[in-house]
Amino acid sequence: MKNDAIWLDANVTQIDDVAEGVRRIAFAAPQALPAFDPGSHIAIRAALAGGHAIRTYSCLPDAAPGEVAVAVKLHPNSRGGSRYMFSLKPGDTVRITTPENRFDLSWRAADYLLLAGGIGVTPIYGMALALAARGAALRMEYGGQSLGAMPFTAPLQAALGDRLALHPQDQGSMIDLDRAIAALSPQGELYICGPLPMLEAAKAAWARAGRPTSRFRYEVFGDTGRFTEAPFTVRVAGYDQAVTVAPDQSLLDALDDAGIPMIHDCRRGECGLCVVDVLDHDAPIDHRDVFLSDGEKQEGTRLCACVSRFSGGEAVIDTGYRP
Ligand code: FES
């Protein structure tokens, strides 16, 4: 496993409902947690009925000094992470990591376009406040199902004023990606966090505008797939063992629980370290990563075990390791 973050026990200090179906949860550890930059996240070990799941959550900018706070959306098709998080009460002990950052601001751009979709606002929220506090030129476009389901609109409005545009879908408001990108200077950078279709649309608009990929920074949450989560079973080449993956578990976590070694890092379908070969399968693959190309996804011979899954049935995979 590649992961430099330090695991520790933390206690839940405060829980607040901050929007419909969205809960803010704050944690404190015996020693003060280190300060973190916008875009940082922590991992949390969620206890599930049949094993465990590791989920990552962005650190909110409004935590008390020495604490961390995250916001969690309860998903109807939760893989277990959000249901576990919604079961927490003040005083509960949870295994978390210290904050780490793979979505950091460059601080070098002439201006910034921040795009947030749904609960993807969590890293963008901290970036917006930090950029506004430093007097940086920025614009933020924030889309969600409805105003009531969009957390942190009040502090964002207070910090950004008319540099913030809200796009509640139930009012027919959509982000005009081409227009937002056209308003950015040639030395501008785009930061986006949202569901996979939004990310893909923004990437396409960025490419249409002839902008350099080095100035397009993203983070995605990998729990939006084409299929509802169902159990499936995998056989692993070289191991005389069948592993059943529960609907609320990732393939990576199930392999980990079964003692099958895996390399991984981001757990969000971005780095590609957890990719396994697919040798056989009798149900479609639900690709939920941004690492594999569209062509590779269509080929169906590889899969990111941290977020992607089979839609059911049985499959044979090869992790590249032998016992
Ligand atoms: S751990 Fe990074 S893509 Fe799976």
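**Quick notes on the pattern of salt bridges**
Overall, the coordinates contain 20 salt bridges when judged by the stated rule. For Lys-89, the salt bridge identified is with Asp-92, shortest N-O distance 3.8 Å. Notably, a salt bridge pairs Asp-178 with Arg-208, separated by 2.9 Å at the nearest N-O pair. Residue Asp-178 is located in helix α4 (residues 177-182), and its partner Arg-208 is located in helix α5 (residues 196-208); the two are separated by 30 residues in the primary sequence. Taking relative accessible area as the criterion, Asp-178 reaches 40% and is therefore assigned partly exposed. A network of salt bridges, in which partner residues are shared, links Asp-16, Arg-24 and Asp-62.

**Considering the domain arrangement of the chain**
Many authors give the size of an interface as the accessible area that is lost as the parts come together. Here the chain is partitioned into domain 1 (7-101), domain 2 (112-220) and domain 3 (232-318). The C-alpha centroid of domain 2 is placed 24 Å from the C-alpha centroid of domain 1. Taken together, the contact between domain 1 and domain 2 spans 13 residues of the former and 16 residues of the latter. Of the roughly 1200 Å² buried at the junction of domain 1 and domain 2 (both faces included), carbon and sulfur atoms supply 67%. There are one residue pair in polar contact (both at pLDDT 80 or more) connecting domain 1 and domain 2. Of all the secondary structure elements, the ones that give two or more residues to the side of domain 1 that touches domain 2 are β1 (7-19) and β5 (67-73). Per-element tally for the side of domain 1 that touches domain 2: the top contributor is β5, with three residues.

**Some remarks on the packing of aromatic side chains**
One pass over the full model with this rule turns up six aromatic pairs. Geometrically, the ring pair formed by Phe-216 and Tyr-218 is tilted, given 6.2 Å between the ring centres and 50° between the ring planes. Here a set of aromatic residues connected by ring pairs shows up, and it is made of Phe-103, Tyr-112 and Tyr-191. The ring of Trp-107 carries the charged tip of Arg-134 above its face, separated from the ring centre by 3.7 Å. Sitting above the plane of the Tyr-218 ring, Lys-203 keeps its charged end 4.6 Å from the centroid.

**Things to note about the side chain of His-41**
Along the chain, His-41 falls in strand β3 (residues 40-48). The exposure class assigned to His-41 is buried, which follows from its relative accessible area of 2%. Polar contacts involving the side chain of His-41 include one to the side chain of Arg-268, which spans 3.5 Å. When near neighbours in sequence (up to four residues on either side) are disregarded, His-41 contacts Thr-56, Tyr-57, Ser-58, Cys-59, Thr-98, Pro-99, Glu-100, Arg-102 and Arg-268.

**Thoughts on the nonpolar core**
Tyr-112, Leu-114, Ile-124, Met-140 and Leu-156 are the most contacted members of the largest nonpolar core, which has 31 residues in total. Of all elements in the fold, only β2 (22-28), β5, β8 (112-117), α2 (121-133), β9 (138-144), α3 (153-160) and β11 (189-194) reach the threshold of two or more residues within this core. Per-element accounting of this core gives the leading share, seven residues, to α2. Both domain 1 (7-101) and domain 2 (112-220) contribute no fewer than three residues apiece to this core. Filtering out sequence-adjacent residues up to four positions away, Ile-124 remains in contact with Phe-103, Leu-114, Leu-115, Ala-116, Met-140, Tyr-191, Ile-192 and Cys-193. Counting residues in each nonpolar core, the second largest holds 26 residues, with Val-236, Val-278, Ile-285 and Leu-292 among its members.

**Some words on the sheet that holds strand β10 (residues 164-168)**
Pairing within the open sheet is parallel, and its five strands lie in the order β10-β9-β8-β11-β12. Since the sheet does not close on itself, it has two edges, and those belong to β10 and β12 (216-220), each with one partner. Averaged over all pairs of adjacent strands, the angle between their axes in this sheet comes to 10°, without regard to strand direction. Where β8 and β11 come together, five bridges link them in parallel fashion. In the sheet register, Tyr-112 faces β11, and the bridge partner there is Glu-189. The sheet contacts of α3 involve β9 and β10, and relative to β10 the element is tilted by about 150°. Contacting β8, β11 and β12, α5 crosses the sheet at an angle of about 170° to β12.

Calculation rules
- Residues numbered from 1 in each chain as written.
- Predicted model: local features only at pLDDT ≥ 70, side-chain atom pairs only at ≥ 80, totals over all residues.
- Heavy atoms only, no water.
- Salt bridge = Lys/Arg side-chain N within 4 Å of Asp/Glu carboxyl O.
- Helix = DSSP H or I, 4+ residues; strand = E, 2+ residues; numbered from the N terminus.
- Buried < 20%, exposed > 50% of the residue type's maximum accessible area, 1.4 Å probe, protein only.
- Domains from an automatic or database assignment.
- Contact = heavy atoms within 4.5 Å.
- Buried area = accessible area lost by both parts, 1.4 Å probe.
- Polar contact = N/O pair within 3.5 Å; in protein donor to acceptor, adjacent residues only side chain to side chain.
- Phe/Tyr/Trp six-rings, centres within 6.5 Å; stacked < 30°, edge-to-face > 60°.
- Lys NZ or Arg CZ within 6 Å of the ring centre and 35° of its normal.
- Core = buried A, V, L, I, M, F, W, Y, C linked by side-chain atoms within 4.5 Å.
- Pairing = 2+ DSSP bridges.
- Axes fitted to C-alpha atoms, helices over the stretch in contact; angles between N-to-C directions.

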